[in-house]
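Remarks on the overall topology
The lines below spell out each chain.
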Amino acid sequence: MSQPAEQSVQIQYRKLPSVDAVLGNPEVRFLVAEHGLSQVTDTVRGLMASVRKEIANGGTAPQPEQWPFLLHQRIARETEPELRTVINATGVVIHTNLGRAPLCDAARLAMDSVTAGYSNLEYDLSIGERGSRYDHAKRLLCELTGAEDAIVLNNCAAAIFLALSALCNGREVVVSRGQLVEIGGGFRIPDVLRQSGGQLVEVGTTNRTHPSDFANAISDRTAALMRIHASNFRQIGFTATPALTDLVTIAQSYSRSNMDDNSPAANDNRNRILVIDDLGSGTLIDTTKYGLSPEPMVQESIKAGADLVAFSGDKLLGGPQAGMVVGRKACIARLRTHPLTRALRVDKMTLAALEATLRIYAAGRAEECIPVWQMIGASKDDLSATADRWQRRLLQMGVATEIWPGESTIGGGSLPGETLPTTLVALSSSTFGSQVDGAAARLREGQSPVICRIQRDCLVFDPRTVLSSQEDQLLQAIKSC
Ligand SMILES: *Cc1c(COP(=O)(O)O)cnc(C)c1O
């Protein structure tokens, strides 16, 4: 470093206040009151170190009056919650990495009111004694699905694990080879079955399994026939899978007692071969209305005679993370009393949000009020109007974009390969003037993180999954990027 440069660096260093001087500033004392002395002191030290680095690189020391502001900015960044809201511009409606289903207003209000104070989580108000947390959503679930009984657990994975542990331990569970799936996050059906103490009996082939394959696999050790929804992949071509009704017919004809359902022996599950249906997402609303393939409906599985049907709370149901098991009373009763249930139990926030969500279904207002269904149901015209508005507003901010036809997906292991037509707003590298990956990273790391898609070297934004309340933030973020 040349002599004069070295001198000017020393001059700048001398302008730096001491840590104590910064902490003594009246405006900084407000920050200390809010964040605590030790945190603010650490932040001042961190700030000081970055300023010294800047000076070494030829920068100048901040003016004395700038310190409170710089400190404020740095603390705001440091105390930002780790878990925070992001803008989902990917067009993937149920994005597992982005928290799956956004909740409807009623669900959020219910959570707020139940968590602000005490609740009757495990208290029966009518008798003034201990009640069960599992009773809360039960009536609504039965009403909506036609099932005799229901239980809510932490998620669908927990629901399956519990059902297999409670009802199939030490005995055989027959599954088609085409349905031995890995769902993601390492949840593999064969492994879960092994953990639960059940013994997997694989039948059929990868692409084709027939009812007779199930029938031929039945022995006196068979506990259940299980169907698993191939949630995240699709088989096309020369394929065959037995219908759920086929499994029910087989299970009934091979059950060790053919007594009527009300006899005590019939209610003892050990006397019957169960049909367990893992729907994964499942839905209460017919997806074909939206031009999508039929996603299996919970009420249809019950109607088809499945003994237990498991489905997720935060996939197409559009509620909180939870796992429902609905079905036969005698089976659910055994889940309720199993020792694992406590470990897989659902908390009051979830139950509040779930009950509110189910109530909206019961009122027939799901498609109108639940974000997942609002997004799936968004019309082509609405989406294209939103895209046009974004383009216009961005242009006013000096950002040129293109409008592309495109496709949104459902995600969350429902309806693999299915798409909904949408209108995209695309930003080309000529606009942001850098590599597309760098621009995507800047969007992710901004004040309101935006997650978008990259297509043909452009940043692409899908209006379908952006909440209307987030529009301003999104456009600002695009502008600053
Ligand atoms: C998603 C899924 C699960 C797991 O559901 P979570 O609620 O995420 O635990 C289980 N089975 C199938 C078939 C699924 O698609």
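Everything that follows concerns the structure shown earlier in this document.
Residues numbered from 1 in each chain as written. Predicted model: local features only at pLDDT ≥ 70, side-chain atom pairs only at ≥ 80, totals over all residues. Heavy atoms only, no water.

**Topic: the site of the ligand**
- Around the ligand lies a shell formed by Arg100, Asn155, Cys156, Ala157, Ile183, His229, Ser231, Asp278, Gly280, Ser312 and Lys315.
- One of the side-chain N or O atoms of aspartate 278 is found 2.9 Å from a nitrogen atom in the ligand.
- Within the side chain of lysine 315, a nitrogen or oxygen atom sits 2.9 Å from an oxygen atom of the ligand.
- In isolation the ligand offers 380 Å² of accessible surface; the protein chains occlude 94% of this area.
- Elements represented by at least two residues in the shell around the ligand include exactly α8 (156-168) and β9 (274-280).
- Across the shell around the ligand, the residue classes break down as 3 nonpolar, 5 polar and 3 charged. (Near = heavy atom within 4 Å. Polar contact = N/O pair within 3.5 Å; in protein donor to acceptor, adjacent residues only side chain to side chain. Areas by Shrake-Rupley, 256 points an atom, 1.4 Å probe, with all protein chains shown as cover. Helix = DSSP H or I, 4+ residues; strand = E, 2+ residues; numbered from the N terminus. Nonpolar A, V, L, I, M, F, W, Y, C, P; charged D, E, K, R; others polar.)

**Here's the deal with the sheet that holds strand β16 (residues 458-461)**
- Pairing within the open sheet is mixed, and its 5 strands lie in the order β2-β12-β13-β16-β15. At either end of the open sheet lies a strand with only one pairing partner, and these are β2 (92-94) and β15 (453-455). Going across the sheet, the axis of each strand differs from the next one's by a mean of 40°, ignoring polarity.
- Pairing analysis gives 3 bridges linking strand β13 (residues 419-427) to β16, with the strands arranged antiparallel. Bridge pairing in β16 places leucine 427 opposite leucine 459.
- Packed on one face of the sheet, helix α19 (residues 380-396) meets β12 (402-411), β13 and β16 and runs near 5° to β13. (Pairing = 2+ DSSP bridges. Axes fitted to C-alpha atoms, helices over the stretch in contact; angles between N-to-C directions. Contact = heavy atoms within 4.5 Å.)

**Description of the pairing of strand β5 (residues 149-153)**
- Most of β5 is tucked away, with 5 of its 5 residues classed as buried.
- Side chains of β5 alternate between two faces, with Asp149, Ile151 and Leu153 and Ala150 and Val152 buried alike.
- In this sheet, strand β11 (residues 323-327) lies alongside β5 in antiparallel orientation, the contact comprising 5 bridges. If you follow valine 152 over to β11, its bridge partner there is methionine 324. (Buried < 20%, exposed > 50% of the residue type's maximum accessible area, 1.4 Å probe, protein only.)

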